[in-house]
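Residue-level structural notes
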Amino acid sequence: MPLHRTAQSPARRRLLRVRLHLGVAAATALLASHLDAQTQTASFADLSIEELMNETVTSVSKKEQSLFDTPAAVAVLSNDDLRRSGATTIPDALRLVPGMDVGAVNSRESAVSARGFNGVFANKLLVLVDGRAVYTSLFGGVYWDLEQTMLEDVDRIEVIRGPGATVWGANAVNGVINVVTRSARDTQGTLLYAGGGNVHQEMAGGRYGGRLGENTYYRVFAGYQANDDTPLANGQSANDHWFGRQGGFRLDHYPDPDTHLTWQADATDTRATDSEGYNVNTLGRWTRRFSDRSGLEVQAYYDRLYRDEDNRSRPLSDTFDLSAHHTFGLGPRHDVIWGVGYRFIGNHIEQTTPLNPIQDGDFQRQLFNIFVQDEFKLVPDRLTLTAGLKVEHNDYTGFEFQPNLRLTFKPTKDQTLWAAISRAVRTPDSVDGRNTLGVVVGAPVVGPGAGLYAPEVVGNSALKSEVLWAYEMGYRIMPVKRVSIDLAVFYNDYSDLITFGETSTFVPGIPVGTLVIPWGNSLEGQTYGGEVAVTVSPTESWRLIAGYSLMFQQIYGPAAASRALAARPPAQQFTLRSAHDLTKRANLEVQFRYVDPIDGVPAYFTADIRLAYRLTDRLELSLVGQNLLDDRHPEQASAPITVTSEVPRGYYAKLTCRF
Amino acid sequence: MSSIGQLSAPTSGSPGHASRSSRTARLLVLALVSLFFLPVSRADISKEYQLKAAFLYNFTKFVEWPSRCFANATSPITISILGDNPFAEELETAVRGRRVNGRPVVVKVIDSIAQADDAQVLFVAAKNEARLGGTLGALQQTGVLTVGESRQFAAMGGIITFTLQTDKVRFQINQPASEQAGLRINAQLLKLATVVHSAP
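Note that the structure is predicted; figures quoted are calculated from it, not measured. (Residues numbered from 1 in each chain as written. Chains lettered and ligands numbered in written order. Predicted model: local features only at pLDDT ≥ 70, side-chain atom pairs only at ≥ 80, totals over all residues. Heavy atoms only, no water.)

Regarding the overall build of chain A
When helices and strands are tallied, chain A shows eight helices and 37 strands. Residues classed as buried in chain A amount to 60% of the 659 residues present. If you sum the accessible surface of chain A, you get close to 24,000 Å²; carbon and sulfur atoms cover 60% of it. (Helix = DSSP H or I, 4+ residues; strand = E, 2+ residues; numbered from the N terminus. Buried < 20%, exposed > 50% of the residue type's maximum accessible area, 1.4 Å probe, protein only. Areas by Shrake-Rupley, 256 points an atom, 1.4 Å probe, with all protein chains shown as cover.)

Topic: the overall build of chain B
The secondary structure content of chain B amounts to eight helices and 10 strands. Scored against the burial criterion, the 200 residues of chain B give a buried share of 52%. Expressed as a percentage of contacts within chain B between residues at least 6 apart in sequence, the contacts between residues at least 24 apart total 57%. Here chain B displays about 9,000 Å² of accessible surface, and carbon together with sulfur accounts for 54% of that area. (Contact = heavy atoms within 4.5 Å.)

Some remarks on the sheet that holds strand β5 (residues 121-123) of chain B
Strands pair in a sheet through their backbones, by hydrogen bonds, and they do so in one of two ways: parallel or antiparallel. Spatial ordering of the open sheet is given by β3-β4-β2-β5-β6-β7-β8-β10 (chain B), a layout of eight strands whose pairing is mixed. Where the open sheet ends on each side, the last strands, each with one partner, are β3 (99-100) and β10 (194-196) of chain B. (Pairing = 2+ DSSP bridges.)

Points about unusual backbone geometry
Residue and element names in this part refer to chain A. Between Ile510 and the following residue, Pro511, the backbone shows a cis peptide bond with an omega angle of 0°. Considering the arrangement of structural elements, one finds Pro511 in the loop between β28 (505-507) and β29 (513-539). The phi torsion at Asp130 lies on the positive side, around 50°, for a residue other than glycine. Within the secondary structure, Asp130 is located in the loop between β4 (125-129) and β5 (132-133).

A word on the packing of aromatic side chains
This model, assessed by the stated rule, comprises 24 aromatic pairs over all chains. Pairing A:Tyr302 with A:Phe320 gives two aromatic rings, centres 5.0 Å apart and planes at 40°, and the pair type is tilted. A residue pair is termed long-range when its members are at least 10 positions apart, and A:Tyr302 in strand β16 (residues 294-309) and A:Phe320 in strand β17 (residues 313-330) qualify at 18 residues. For A:Phe320, a relative accessible area of 43% gives the class partly exposed. With a centroid separation of 5.9 Å and an interplanar angle of 40°, the aromatic rings of B:Phe55 and B:Phe59 are classed as tilted. Here B:Phe55 pairs with B:Phe59, and both are found in helix α4 (residues 47-59), just four residues apart, close to one helical turn. One exposure class covers both B:Phe55 and B:Phe59, and it is buried. Site record: aromatic cluster; members linked through ring pairs are B:Phe55, B:Phe59, B:Phe123, B:Phe162 and B:Phe171. One cation-aromatic arrangement involves A:Arg185 over A:Tyr254; the distance from NZ or CZ to the ring centre is 4.0 Å. Directly above the aromatic system of B:Phe70 lies the positively charged group of B:Arg103, at a separation of 3.6 Å from the ring centroid. (Phe/Tyr/Trp six-rings, centres within 6.5 Å; stacked < 30°, edge-to-face > 60°. Lys NZ or Arg CZ within 6 Å of the ring centre and 35° of its normal.)

Some thoughts on the sheet that holds strand β8 (residues 154-161) of chain A
Ordered by their spatial adjacency, five strands build an open sheet running β1-β8-β9-β4-β5 (chain A), and the pairing between neighbours is mixed. Each having just a single partner strand, β1 (73-78) and β5 of chain A make up the two edges of the open sheet.

Some details on the pattern of salt bridges
Residues and elements named next belong to chain A. For the coordinates displayed, the defined rule picks out 59 salt bridges over all chains. Among the ionic pairs, Glu472 bridges to Arg115, the shortest N-O distance being 2.9 Å. One end of the pair, Glu472, is in strand β26 (residues 466-477); the other, Arg115, is in the loop between β3 (110-114) and β4, and 357 residues separate them in sequence. An identical accessibility class is assigned to Glu472 and Arg115; each is buried. Linking Asp429 and Arg426 is a salt bridge whose minimum nitrogen-to-oxygen distance equals 3.2 Å. The structure contains a network of salt bridges with shared partners spanning Arg108, Glu109, Asp145, Arg307, Glu309 and Arg312. (Salt bridge = Lys/Arg side-chain N within 4 Å of Asp/Glu carboxyl O.)

Comments concerning the side chain of A:Glu589
For A:Glu589, the position within the fold is in strand β32 (residues 586-595). Within polar-contact distance, the side chain of A:Glu589 engages the side chain of A:Arg577 at 3.1 Å. (Polar contact = N/O pair within 3.5 Å; in protein donor to acceptor, adjacent residues only side chain to side chain.)

Considerations on the pairing of strand β15 (residues 275-291) of chain A
Alignment of strand β14 (residues 259-272) of chain A against β15(A), held across 13 bridges, turns out to be antiparallel. Each residue of the ladder has a partner; that of A:Thr268, found in β15(A), is A:Asn279.

Topic: helix α5 (residues 88-95) of chain B
Three- or four-residue spacings in an α-helix give side chains the same orientation, since the helix completes a turn every 3.6 residues. Residue and element names in this part refer to chain B. Of all the positions in α5, only Ala88, Glu90, Leu91, Ala94 and Val95 are classed as buried. Relative to the axis of α5, the buried residues are bounded by an arc of 160° and lie together on one face. Buried residues along α5 sit against α4, β2 (77-82) and β4 (103-110). (Arc of directions from axis to C-beta.)

Comments concerning the confidence of the model for chain B
Residues and elements named next belong to chain B. A residue-level look at chain B finds 74% of positions with pLDDT of 70 or above and a mean pLDDT of 75. No element of chain B has a lower mean pLDDT than helix α1 (residues 2-7), at 27, and none a higher one than strand β6 (residues 145-148), at 93. For the stretch residues 1-18, pLDDT sits under 50, and the model shows 41 contacts to residues farther than four places along the chain or on other chains. Confidence drops under pLDDT 50 across residues 32-44; counting only partners more than four residues distant or on other chains, this segment forms 29 contacts. (pLDDT = per-residue confidence, 0-100.)

Considering the packing of α4(B) against α5(B)
Working note: a packed helix pair is described by the angle between its axes plus the distance between those axes. Residue and element names in this part refer to chain B. With their axes 9 Å apart at the nearest point, α4 and α5 run at an angle of 50° to one another. When the axes of α4 and α5 are compared, the pair comes out oblique. For the element pair α4 and α5, the recorded crossing hand is right-handed. Residues Gln50, Ala53, Leu56 and Tyr57 of α4 form the contact with α5, whose own contacting residues are Glu90, Leu91 and Val95. Its residues assigned to classes, the contact of α4 with α5 shows five nonpolar, one polar and one charged. (Axes fitted to C-alpha atoms, helices over the stretch in contact; angles between N-to-C directions. Parallel < 35°, antiparallel > 145°, perpendicular 65-115°, else oblique. Left-handed = near helix turned anticlockwise from the far one by under 90°. Nonpolar A, V, L, I, M, F, W, Y, C, P; charged D, E, K, R; others polar.)

What follows is the structure, encoded as structure tokens:
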């Protein structure tokens, strides 16, 4: 029990801290998840039939195997991980994944990235919910407060650190987050929850899953949350309280064992004093399996996004997306996947503040893509080579090529070595890539003729995409049955990074002129580092996961070019999770997180704890404490047109009923 | 464990300027941590059979036996397991101390189905099916909930048959067979099952 022994001795504590600062030379990432099922076996008899039907029999090791053999830095948060964590939002849940960089910006907004380039406007992480991109090309990022998917019905969150562009497409530069909800077949019955506390003041919701005939299942769901103000650095309230609501349905039809049809739709809204918005979307998917090695999937969705933000603008964006992919075996050694996709986005943006003057707010975008990837078993069960290429066309930069080459070597069944080289691009968004709007980035300055000029960053249609060449390696090993270690290292070489500030012109005006600063491909740089995660299950009912990540960043460019979008990442991050079934009815999760300083924000160390007790077979009570180790701390540096506040200590209690 | 020791360092490291209440909170957390990190051990059997054991126990909540199947109102619900079995012990642990409708649940391992006529539930694992000799015989009329896991078992007229769909446990219920045995199966359970209507 190194944990509580070291905790008692300050001297030892300091020593270990020094050791940590020396750094474990390589770095972090792990297989976050899957021993979890093991810890649960003790309480199967307490589960309802519906819950038992949701459990997978795939022995933990087998399921882990596919993750274990993946030639990428990948981790999966299971439904069980999410439930145990006490996280109420997807960004908070992502803090569990070693190597992810998550920081709260204010009560409502989060900065989420992997391997650097984080911030409220982080633009190199692609996020999908049930196959629908929630990364918006409007400003290149995610409105996290509109992602209120009921975590109880999320099957898993897949996290890929590093580029995933060959399969997922542009903007999957530093990582991909894939939120996958459960089939309606696996969410039968009623679930109700209600709770509240000091930070997450109110939360309530429910789901009902039923059946429409022999092979058709449905669920309807709705949820609500209200969150309190958070404090500013000076202790004053940021007045950033907000509430959000979501409702929707999902229909799953299985006409035969090899065919699966899904139709789902949901609506979400978010309301704060200075910002509101909604999202409505509907998605249909048809999946057909022809054999163990071949299948076809066709998917279409429509998505409408609306925001009205006092200190930004009022965009309305409609997206239609159609995609298909086909897998097949070619001889005994080749497995091929190929696919095509088309996306249309119509945008209309209105001005809400002179800080974001609208120039041309009505425009459309179209995207086409085609990709193919071959998995070639060079030596069956030993050596596999994966080669793929995605060709994508967008209106701003034309054709983009995103290839990757990955090699997996399995010296033994319990070890995997992998290496990968990939190219990925971040395409210009509607703010930097065209004359949509300006962003006033500071107070007026004195210019020619002693006049005043407001510095305004404006779009540049001559921009090229940001390019990443990523070189990655990883090693996974299960030295003994109850231990697994996952290590990944990377060297990322970026060019044509988009920023502003390099050249500018003074345009006189009355009363204030404009200092016009175009966006430009002004910076280049390298990041390197790694992540390591160690999972230990001392017993069937207890699992420990430790994660450590280390990274360095060098950015080059003209001195005048702003580094705001390429801020220094935390050099080190550390997480420790303990998931423990105390008895058949009670479980406890404890998490510790340490994050090194970033520019303008000191290091912080904090802990979350969740204790859950099953009062009856149907009713569970959970008590959660979040960010317990200080009264409040900041996690993100201030950014333009954004309120940045601090994260206070939080508590909440929640009752969950399933029947 | 040495790597864990090393990595756990920052969890106990102090970030320098800690307020009084944060120190209290930290102590609280550490106290909880040390209290609860006491290992609990458990036998190793495959998860599939752990789940099936839990299903068996759960089924008893949704089945109504004719009163003649019990000696009195508090006599136990007996789950018989045919042959040496991967999970009899697990099931026993799972049901220990539990009651269903006021009846205790007991687990019994039997060698032949002749010993099953006083049971309320009989489970036959696929590997022990040979002991049936191809028929459930008289059990089909005597109020025993027969549970198996193979197509042959279903064809013999078994009432509940486990199936695997991708990697999840599902089950089908032969409704005519349950009626013939004099059992009433709750509609809630039928809703979750694939119901088959082939007469036994």
